[in-house]
Structures are given as structure tokens and as C-alpha cells.
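Structural overview for review
Letter by letter, the chains look like this.
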Amino acid sequence: MVYDLIILGGGPAGYLAGERAAHEGMKVLLIEERFIGGVCLNEGCIPSKAYLYAAKLKDGAAHGEKYGVIAKETRLDHAVVNSRKDKVVKVLTGGVRSTLKGLGVEIIEAHGEIAGKSAEGYEVLAAGEKYQGKNLLISTGSTAAMPPIPGLKEQFEAGFILTNREILDLKEIPGELAVIGGGVIGLEMASYFHSAGSKVTVIEMLRQVGGPIDPDIAALLKKNYEKKGVTFKMGCKVTRIEAGRVIYEENGAEQSAPADKVLLSIGRVARTRDLGLEKIGVLTEHAGVVTDEKMKTNIPGVYAAGDVNGKSMLAHTAYREAEVAVNIIAGKKDKMSYAAIPGVIYTNPEVAGVGETEQTAKDKGMDVTVKTISMRYAGRYIAENEGGDGIIKIIVDNKWDRLIGVHMIANYASELIWGADALVGTSMTIEQIKKIVFPHPTVSEIIREAVFQL
Ligand code: NAI
């Protein structure tokens, strides 16, 4: 049997590619060595959202007096949170599996490796068998970066250091949790474990949290978490790990943070090893498998989508890249655009942004107008956020009078960013946006308000 498409890796890129390819009438084989659903469904996006929702409910009740809600005792029962998290994961991964099976996608749960090329197509080995595919999609994702910090490997093996995988399996809430890296994973996990009762210290090498997000929003996010009681060590580089403590450098002096557990969240690396890529000459560079805007690699018929190409390590990017790859295989016209990919941090308050930031627009030499307003212009925000200090920042390209960036810190930001994404992605003009009727009262009205305040 020669498959039209063999997919290596069943995360968001792989499973969606399987679905879309089956819809196109292709005969598809999907090979997954761990769990269908990948990091996102099993040990990333989805389980962390189950954690964060529980934390939000608990924190809402604990600080409910100002809303007239009196709760005698508020605490997170981590065992219950964990079992609900497992249930959520099971429902979703089960759904993906049955959708794929329903569409006739064959699934092999084993390690897959490219063996070479024959007249029929590419040969892939899995579970002792050889399979042939006319096309290949590499969607093997990424793993947590493990830099050569002295003591890190030993302490990871000893269970003191955790990555996104192990932290979602902790049975007990650590008394003290040190988080190395104040990026997306670090902040989301700091948020949950703080709410669950850990004393949390975030050690971040840069001067701002949240990576490349808008600096004003990053500062507000940090301020909100400092107010809750999370400690931040900014501009601090971790130099060594010992049992029970993380040693870091602060202004040239050695300091240490005691901890019961340590989360390592300093980025991810593309998973390109042990795939046999070299057998057919697929080009890789430091970031991952090299792809073009059609998700093609340098080898005809071989595509790569998702974290493995290192372009934008987000599940929603992976979905779209997978669709582009399948469309190209199916002979349709399509190409990937990275111009309007939303980024979200599911903290409380949430952070979401899309398009250019003030800085990236200026770096590109664009003539822009930047307008920042308080979220308090939205009635629903005031009704639901006593003392809230959220903001929205919009970036307008003066040359074309178009919205090119929207950045927010406020609850619901994660759910309303897709709308901003549509405005930015379709290059709507400010005059066109002004004519959109937004539902009232919603936090989304803040976009309309910001546009009218330009
Ligand atoms: P990240 O790239 O978001 O953040 C890593 C942070 O670690 C950076 O701020 C960096 O300056 C810092 N850092 C690096 N080396 C350090 C050192 N030696 N000492 C102290 N700090 C150091 O990476 P993260 O949080 O691990 O997330 C990985 C990937 O997962 C990202 O690509 C992210 O997009 C994705 N993800 C997305 C989520 C979302 O969309 N909400 C949630 C979780 C993860």
C-alpha cells in the first residue's frame, strides 16, 4: 500500500493535517510515538487551561468581598484539579482519535523514522514495518530547551527540575516553586501554583517578562503578579542548580533561591533528531526544519508544519501551516502568512496581542500612530474588574490609515483577540472599523473606543 501522505507526529499540525488530507480524499497514515494530540492537548495548552480556570475560580471567590461574595474558606484541591485536568485531556484526545478514525486515517502508535526513498515514494519505518508515502509531513513538534547549566541534568534526573511535562503531573503543591524563565509557560504556571499555595519566585534573564510583548503591558502584568505575592528576579541569569536551590547572578553577585521544585521554562527546541531526515537530505538549521511559505522543505514532496520548523511555536500557527501543506499537496493555491498571528498569555489578567508592536513598527521605519487607553472605557470591564488596571494599545499605519497592531492586558483578551486579528489580517481601514457594530456591553467594545479616540 502506498499512502498519499504519511504524517510523522500527531500534535495540532499532524492531526489537523490528517483530517484535512482525508477530507481531500487522500489515503493518510499518521505515526505518533507518544500521545495523539501532542504536547498541546496532553501536556501544554489544554491541561494548563484546566489548571488556570480552577485558579481563577478560587481567586475570584477569595477576593469576592468587593463584589459582595463572601467565601469562608477558599483553597485549591490539587487532586481534584488534576483529575479534572486528566478528564479534559481524555475527552479532547479521544475526540481527535475518533475523528481521525472516522475519516479513515490510519494511526500507528510507535516511533517513526524515514528510511529512504524508492520509486513508490518515501519509506518510513514504524513498529518493525516499512510504509511508503508519496508525500511526507514532518510535524514532530518541540521539546523543552535544556541548556548546559551545571547541575541541571542531574537535578532533572533527580526530579528537582521539572519541565511543562512533569509539572502537570505533580501530586503535591510545592511549598516553594522557583521558575526559571518568565515567558509564557513560566508565567502561566507561576500563576496557577501561586493560586494553589506555592511561594513562587520567577528568575528571568531579561528586564521584562513575557518575551517580545509590549513593554507597558509586560510591566503591568508583572505589577499585577507582584501585588498577588509572586517574586520576580529580573535581569538574573541562572548559573548553577544544586539540590534545593537555584543559583543565579544578579548585578555580578551570586544569589540563590531556595525551592522544593523548579520549573524550567526557557524556551523550546524543534524535534528534528532520530527522524531519519538526513537519509533523504532534508535541510535543517538551528531553529528546525527549513520550510518556505508553502511549508515545503528542500526535498520535493516533503513538508514540515508546527513547532518543528521553529517559525512560530504556537498551536494555532501549526493548524494553519498544516492546512497550507495539505492544500499544496492537493494541488490548491495557498501560502502561509505569519503577519497576523495572535499571541496569548492565559494569566489573570490575560495578555493578548496581534500584529506589529510599537517597537516592531518603529524598527521597520513605519510612520505609525499609537493610542493607548484604559480598559475602563468598556462598561463590562468596570462591572467585572473592581480596581482593574488593564489597557489596550493600538497601532495604526498612517500611510494607509490601517490598523496593524492590537495589544491588550485584561480578562477576555484571549477571546477577543481573534476579532482584532481579523481586522489586522484583512487590512481594514480605520474608517471601515468605525462602522462595525460591537455588542454592548462587552469588553470587545474597547477596540471601537480606541479607534474613535485616535
Ligand atoms: P519563552 O520563549 O516564552 O520564554 C522563555 C523565557 O526564559 C524568556 O523570557 C527568556 O528570556 C528566559 N530565559 C532564557 N534563558 C534563561 C536563563 N538561563 N535564566 C533565566 N531566564 C532565561 O519560552 P517558554 O515559556 O518555555 O514557552 C515555550 C514555547 O511554548 C513558546 O514558544 C510559547 O510560544 C509556547 N507556549 C505558548 C503558550 C500560549 O500560547 N499561551 C503557553 C505555553 C507555551
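Everything here concerns the structure above.
Residues numbered from 1 in each chain as written. Predicted model: local features only at pLDDT ≥ 70, side-chain atom pairs only at ≥ 80, totals over all residues. Heavy atoms only, no water.

Some points on the overall build of the chain
This is how the line gets drawn: Under the DSSP-based scheme used, a helix requires at least four consecutive residues in state H or I and a strand at least two consecutive residues in state E, with every element numbered from the N terminus. In this analysis, two residues are considered to be in contact whenever any of their non-hydrogen atoms come within 4.5 Å of each other. The Shrake-Rupley method, run with a 1.4 Å probe sphere, supplies the accessible areas, and residue values consider only the shown protein chains as cover. In summary, the charge assignment counts Lys and Arg as positive and Asp and Glu as negative, without counting His or the chain termini. Charge coordinates come from a single atom per side chain, which is NZ of Lys, CZ of Arg, CG of Asp or CD of Glu.
Per the secondary structure count, the chain includes 15 helices and 24 strands. For the C-alpha atoms alone, the extent of the chain along its principal axes is close to 70 × 60 × 45 Å. Relative to all contacts within the chain whose residues are 6 or more apart in sequence, the contacts with residues 24 or more apart total 63%. Carbon and sulfur atoms make up 52% of the accessible area of the chain, which amounts to about 20,800 Å² in all. Averaging the coordinates of the 54 positive side-chain charges in the chain and doing the same for the 57 negative ones gives two points 2 Å apart.

Concerning the pattern of salt bridges
This is how the line gets drawn: By convention in these notes, a salt bridge is any Lys or Arg side-chain nitrogen within 4 Å of a carboxyl oxygen on Asp or Glu.
As enumerated under the stated definition, the model contains 29 salt bridges in all. For glutamate 33, the salt bridge goes to arginine 271, with nearest N and O atoms at 2.9 Å. Remark: arginine 271 occurs in the loop between strand E16 (268-270) and helix H9 (277-280) and glutamate 33 occurs in the loop between strand E2 (28-32) and helix H2 (38-43); sequence separation between them is 238 residues. Here glutamate 242 and arginine 245 are joined by a salt bridge, their closest N and O atoms 2.9 Å apart.

Here's the deal with the packing of helix H3 (residues 45-62) against helix H4 (residues 78-102)
To keep it simple, the criterion reads: With axes taken as lines fitted to C-alpha atoms, and helix axes fitted only over the stretch in contact, angles between N-to-C directions fall between 0 and 180 degrees. Angles are sorted into four bins: roughly parallel if under 35 degrees, roughly antiparallel if over 145, roughly perpendicular if 65 to 115, and oblique for all others. Handedness of a crossing is defined here by the sense of rotation of the near helix relative to the far one, left-handed for an anticlockwise turn of less than a right angle and right-handed for a clockwise turn. Charged means Asp, Glu, Lys or Arg here, nonpolar means Ala, Val, Leu, Ile, Met, Phe, Trp, Tyr, Cys or Pro, and polar covers whatever is left, Gly included.
Between H3 and H4, whose axes approach to 9 Å, the crossing angle comes to 140 degrees. Judged on the interaxial angle alone, H4 and H3 are oblique. Considering the relative orientation of H3 and H4, their crossing is right-handed. Each of Ile46, Pro47, Ala50, Tyr51 and Ala54 in H3 lies in contact with H4, whose residues at this interface are His78, Val81, Asn82, Arg84, Lys85, Val88, Val89 and Leu92. In terms of residue class, the contact of H3 with H4 is built from nine nonpolar, two polar and two charged.

What to know about the nonpolar core
To keep it simple, the criterion reads: What is meant by a nonpolar core is a set of buried Ala, Val, Leu, Ile, Met, Phe, Trp, Tyr and Cys residues, joined one to another through side-chain atoms within 4.5 Å. Residue burial is assigned from relative accessible area. The probe radius is 1.4 Å, only protein chains are included, and a residue is buried under 20% of its type maximum, exposed over 50%, and partly exposed in between.
Residues Ile167, Tyr192, Phe193, Val200 and Phe232 are the most contacted members of the largest nonpolar core, which totals 35 residues. When residues of this core are traced back to their parent elements, those giving at least two are H3, strand E9 (176-180), helix H7 (184-195), strand E10 (199-204), helix H8 (215-228) and strand E11 (231-234). Each residue touching isoleucine 167, except ones within four places of it in the same chain, is listed here: Tyr51, Leu162, Leu177, Met189, Phe193 and Leu263.

Such coordinate-based values are descriptive only and should not be taken to indicate function.
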